[in-house]
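# Fold and contact review
The chain contents come next:
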There are 2 protein chains.
Amino acid sequence: MKAVRTDLKMADGRTIYYFDQSPQIRNAVDKREVEERPELGQMRLDVLTNEWISMAAHRQTRAFLPPKELCPLCPTKPGLDTEIADSNYQVVVFENRSPSFANPNGAFTLAQYANLKTPVLSAAGHCEVICFTDHHEGCFGQLPLSQIRLVMEAWRDRVKEISKMPYVQHIAPFENRGEEVGVTLNHPHGQIYAYPFIPPRTEKMVAIAEQYLASNARPLISDVIERELKDEVRIIAQNDHWLAYVPFASRYPYEIHVSPKSFVPDLAELSDEQADAYPEIAKEVLLRLDGVFGIEMAYIAAWHQAPVRSARKSFGLHWQITSIRRQPGKLKYLAGSESALGAFIMDMKPEQSAEQLRAVKL
Amino acid sequence: MKAVRTDLKMADGRTIYYFDQSPQIRNAVDKREVEERPELGQMRLDVLTNEWISMAAHRQTRAFLPPKELCPLCPTKPGLDTEIADSNYQVVVFENRSPSFANPNGAFTLAQYANLKTPVLSAAGHCEVICFTDHHEGCFGQLPLSQIRLVMEAWRDRVKEISKMPYVQHIAPFENRGEEVGVTLNHPHGQIYAYPFIPPRTEKMVAIAEQYLASNARPLISDVIERELKDEVRIIAQNDHWLAYVPFASRYPYEIHVSPKSFVPDLAELSDEQADAYPEIAKEVLLRLDGVFGIEMAYIAAWHQAPVRSARKSFGLHWQITSIRRQPGKLKYLAGSESALGAFIMDMKPEQSAEQLRAVKL
């Protein structure tokens, strides 16, 4: 599949990218009054952990669960001018209106980030919103396969392009689904966060992956996949190009990793065959997740990629879905042990949740 | 203050420790039917992060928000046999009925933990429950000062004693407050988790603290406190021995650190003067937190201590209180960026929350 991308300007200067499965006329003008763009946020160094915390005070006022009639991610219709000026779309991507990271206009170099003696820096980076469909109802897992394929094409395009921004070190496309994980807009959408540093969890995984490659001459993720294929009991679904499994040491009641069977560092480097084989496994996994309790499961689905400029041969792309729901009426909370100490306690064996997920009738 | 401790056996063999401000007759017998103790859980290594995940399947069935009349942490009364056999108590501590970590009966050595090629180990360690008061209503911050002092004495005692267990590497007393952070019992209580490994967040802080001490010949936390005293704007409260402040790079809308002004590695090594000065600052900080919105704030309050056997001169004790409430009707959720990547985004400047906390009329 080759998607067609049309770039238009929004009223306040942001760019919106329309992705279509075939050429469409996309020329709708954003007629909204021009609002001033928020100021670039700040990053502060937590010296106890050497981690950067982004401070985006302008996000306090962002939209919070507006009713469907006021959804800013629906297409524009009479009486409602939304983020998307057209009256319909397939997939669109645009810069977040209240971005946690934004273009520093030259005032930022990656070298500054490495200097831990500078306790405050601009929150340089880039944050985009990706709307999976122009239908307000529904969800990613219920989209037609061709629509999921188009989303994948948009992700590949955006990762390739954002990778060129000189102040970006790491890119993470993710989706938060459900008010239980803090979703503020119900319209099916995801986000693409591009950081000026390698985020803490990624940094740790990168160090381990690099060390593993040096010692074993193989990427760690390839051996993880080999173990899962051998153990079998935690596999949820697979096809020629992808494997979906509950990881051996999962942290959440329902956690699924979906990994390409052949090593690839990021979405931009997926082959067309790998990209083509993604929609069916993505759909199956998400429908199985909703099937466990017969309710829409709140989840976080995040793409773990190699950083833009490092660990390209050691860190393997994988899609991690974690759900905090452990029973229909119960959530797993990150309390003292998880939140303050970082030590996860699981109430369920991974083999048990894998069995439940496999047993769902689709 | 010298607390009096009385040790009694519970029906299933666990020990209960009564802490009293003055000698009391404590001989109530636990008359409940003997239930079998759950099996020792399992720890699995997540090879992508080299972190241990504890699997405690027996915790699935633990009590979940029972009504007040059935509270297992209230004293025993006619018709209700609780965890505490006596009809009253001041502060009690006992081993968790569904512990995430427990005595491995010799089947575990710390050396095993260091071998990352062993992917499964017993969840050796120790988990205790500490009841702050025998009153079901109320909360830690509303206790009389002398009662908070008694809790501190129980913490010091338990940390000193648990430190002797040969399979314990790290001890963390913490309190989860509020159903928003997953509290399953409303009775004012905390937990003491003792791990057979140094938990991931602590391990990272330890490495940084050790490096800082080696380079600067001063503990990092001492310089943090000096900066906070100099900057002033983030200070919430202080007395001769303790400083309470919103950290320079806080992760949560309301985050407060309470640190001894003189370096001390853990609760067991606090001087009597430091312990005596804790209740007033603890109470003030927690009442200010509840005062911001005039509602009971959900929080996690955790003691960060030096590990039992390492970093004793570099890692300084501090009490970290984090609240996920950002507005009366809104919580901060750990979504994609925080949960999957470990990168925190803050909607508010620390100076702003410090000002709000200081402005609360007590």
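Just so we're clear, the structure is a prediction, and the values are computed from it rather than from any experiment. (Residues numbered from 1 in each chain as written. Chains lettered and ligands numbered in written order. Predicted model: local features only at pLDDT ≥ 70, side-chain atom pairs only at ≥ 80, totals over all residues.)

Along its length, chain A carries seven helices and 17 strands. Taken against the 2.2 N^0.38 rule, which gives 21 Å for 362 residues, the C-alpha radius of gyration of chain A at 20 Å falls within 12% of a compact globule. Taken along the three principal axes of its C-alpha coordinates, chain A extends 60 × 55 × 40 Å. Evaluated residue by residue, chain A yields a buried proportion of 53% over its 362 residues. Considering only residue pairs separated by 6 or more positions, chain A has 69% of its internal contacts joining residues 24 or more positions apart. (Helix = DSSP H or I, 4+ residues; strand = E, 2+ residues; numbered from the N terminus. Rg over C-alpha atoms; globule rule 2.2 N^0.38 Å. Buried ≥ 20, exposed ≤ 12 C-beta atoms within 10 Å, placed from the backbone. Contact = placed C-beta atoms within 7 Å.)

On to the confidence of the model for chain A. With 96% of its residues at a pLDDT of 70 or more, chain A has an overall mean of 92. Overall fold confidence (pTM) sits at 0.94, and the ipTM for the predicted complex is 0.93. (pLDDT = per-residue confidence, 0-100.)

Before going further, it helps to spend a moment on unusual backbone geometry. Peptide bonds are mostly trans, and most non-glycine residues show a negative phi. We note that alanine 311 of chain A has phi near 55°; this positive angle belongs to a residue other than glycine. Assignment of secondary structure puts alanine 311 of chain A in the loop between strand E13 (299-304) and strand E14 (318-323). Of note, the phi angle at asparagine 50 of chain B is positive, near 50°, even though the residue is not glycine. Mapping asparagine 50 of chain B onto the fold places it in the loop between strand E3 (42-46) and strand E4 (51-55).

What follows deals with helix H7 (residues 350-359) of chain B. All names here are of chain B. Along H7, the positions that sit buried rather than exposed are Pro350, Ser353, Ala354 and Leu357. Mapping the buried residues of H7 onto a view down its axis gives an arc of 105°, with all of them on the same face. In this fold, the buried residues of H7 make contact with strand E10 (235-238), strand E12 (254-260) and helix H5 (272-293). (Arc of directions from axis to C-beta.)

Another aspect to go through is the sheet that holds E3 of chain B. Sheet architecture is open: four strands sit in the order E17(A)-E4(B)-E3(B)-E6(B), paired in mixed fashion. Sheet topology places strand E17 (345-346) of chain A together with strand E6 (120-122) of chain B at the edges, where each strand pairs with a single neighbour. Examined bridge by bridge, E3 of chain B and E6 of chain B share three bridges and lie antiparallel to one another. Bridge assignment links arginine 44 of chain B to a residue of E6 of chain B, and that residue is valine 120 of chain B. (Pairing = 2+ DSSP bridges.)

What follows covers the nonpolar core. Counting residues in each nonpolar core, the largest one holds 223 residues, and the members touching the most others are Val92, Ala244 and Val285 of chain A together with Val91, Val92, Ala244 and Val285 of chain B. With sequence-adjacent residues up to four places away left out, alanine 244 of chain B is seen in contact with Ile236, Ala237, Gln238, Ile256, Val258, Ile281 and Val285 of chain B. (Core = buried A, V, L, I, M, F, W, Y, C linked by C-beta atoms within 7 Å.)

Before going further, it helps to examine the relation of the copies chain B and chain A. Once turned by 180° and shifted 0.0 Å along the axis, chain B lies on chain A with an RMSD of 0.0 Å. A rotation of that kind, with that shift, is consistent with a two-fold axis. Of the C-alpha atoms belonging to chain B, the one lying closest to the rotation axis is found on leucine 334 of chain B, 4.4 Å away. (Least-squares fit on C-alpha atoms with pLDDT ≥ 70 in both.)

Between chain B and chain A, the contact holds 59 residues from the first and 59 residues from the second. The dominant element in the side of chain B that touches chain A, judged by the number of residues it contributes, is helix H3 (residues 200-216) of chain B, at six residues. Broken down by class, the residue content of the side of chain B that touches chain A amounts to 35 nonpolar, 15 polar and nine charged. Judged from the two bridges that link them, strand E4 (residues 51-55) of chain A and strand E17 (residues 345-346) of chain B form a sheet pairing that is parallel. If you follow methionine 55 of chain A over to E17 of chain B, its bridge partner there is methionine 346 of chain B. (Nonpolar A, V, L, I, M, F, W, Y, C, P; charged D, E, K, R; others polar.)

Attention shifts here to the packing of helix H2 (residues 145-162) of chain B against H5 of chain B. All names here are of chain B. For the pair H2 and H5, the least separation of the axes is 9 Å and the interaxial angle reads 125°. For the element pair H2 / H5, the angle class is oblique. Judged by the twist between their axes, the crossing of H2 over H5 is right-handed. Where H2 abuts H5, its residues Leu145, Ile148, Arg149, Met152 and Arg156 lie against Ala275, Asp276, Tyr278, Pro279, Glu280, Ala282 and Lys283. Counted by class, the contact of H2 with H5 contains seven nonpolar, no polar and five charged residues. (Axes fitted to C-alpha atoms, helices over the stretch in contact; angles between N-to-C directions. Parallel < 35°, antiparallel > 145°, perpendicular 65-115°, else oblique. Left-handed = near helix turned anticlockwise from the far one by under 90°.)

Two faces, one strand: in a regular strand the side chains alternate between the faces of the sheet. Residues and elements named next belong to chain A. Most of E4 is tucked away, with five of its five residues classed as buried. Of the two faces of E4, both are covered, the one formed by Glu51, Ile53 and Met55 as well as the one formed by Trp52 and Ser54. Relative to E4, strand E3 (residues 42-46) runs antiparallel, the two sharing five bridges. Looking at the pairing, arginine 44 lines up with isoleucine 53 of E4. Counted between consecutive antiparallel strands, the loop separating E3 from E4 contains four residues, among which asparagine 50 sits at a positive phi close to 50°.

This part is about the environment of alanine 311 of chain A. All names here are of chain A. Judged by the 21 C-beta atoms lying within 10 Å of it, alanine 311 is buried. In this structure the C-alpha to C-alpha distance between alanine 311 and valine 206, which are 105 residues apart in sequence, comes to 6.5 Å. The residues contacting alanine 311, other than those within four sequence positions of it, are Val206, Ala209, Glu210 and Ala306.

What follows deals with the environment of aspartate 7 of chain A. Residues and elements named next belong to chain A. In this structure, aspartate 7 sits in strand E1 (residues 4-9). Distance in space between the C-alpha atoms of aspartate 7 and valine 92 is 9.8 Å, their sequence separation being 85 residues. With near-sequence residues (within four places) excluded, aspartate 7 lies in contact with Thr15 and Tyr17.

All names here are of chain B. Across the sheet, which stays open at both edges, the eleven strands sit in the order E1-E2-E5-E7-E9-E8-E13-E14-E12-E11-E10 with antiparallel pairing between neighbours. Every interior strand has two partners, whereas the edge strands, strand E1 (4-9) and E10, have only one. The average angle at which neighbouring strand axes cross in this sheet is 20°, direction not considered. Taken strand by strand, H2 contacts E1, strand E2 (15-20), strand E5 (91-95), strand E7 (126-131), strand E8 (170-177) and strand E9 (189-195), and its axis lies near 30° from that of E5. Across the sheet, helix H4 (residues 220-231) lies against E10, strand E11 (242-245), E12 and strand E14 (318-323), angled at about 65° from E11, the strand it touches most.

Glancing now at the domain arrangement of chain A. All names here are of chain A. Per the domain assignment, the segments making up chain A are domain 1 (4-197) and domain 2 (202-359). Contacts between the two partners involve 25 residues from domain 1 and, on the opposite side, 28 residues from domain 2. At the level of elements, helix H2 (145-162) and strand E8 (170-177) are the ones that each hand at least two residues to the side of domain 1 that touches domain 2. A per-class count over the side of domain 1 that touches domain 2 returns 13 nonpolar, six polar and six charged. (Domains from an automatic or database assignment.)

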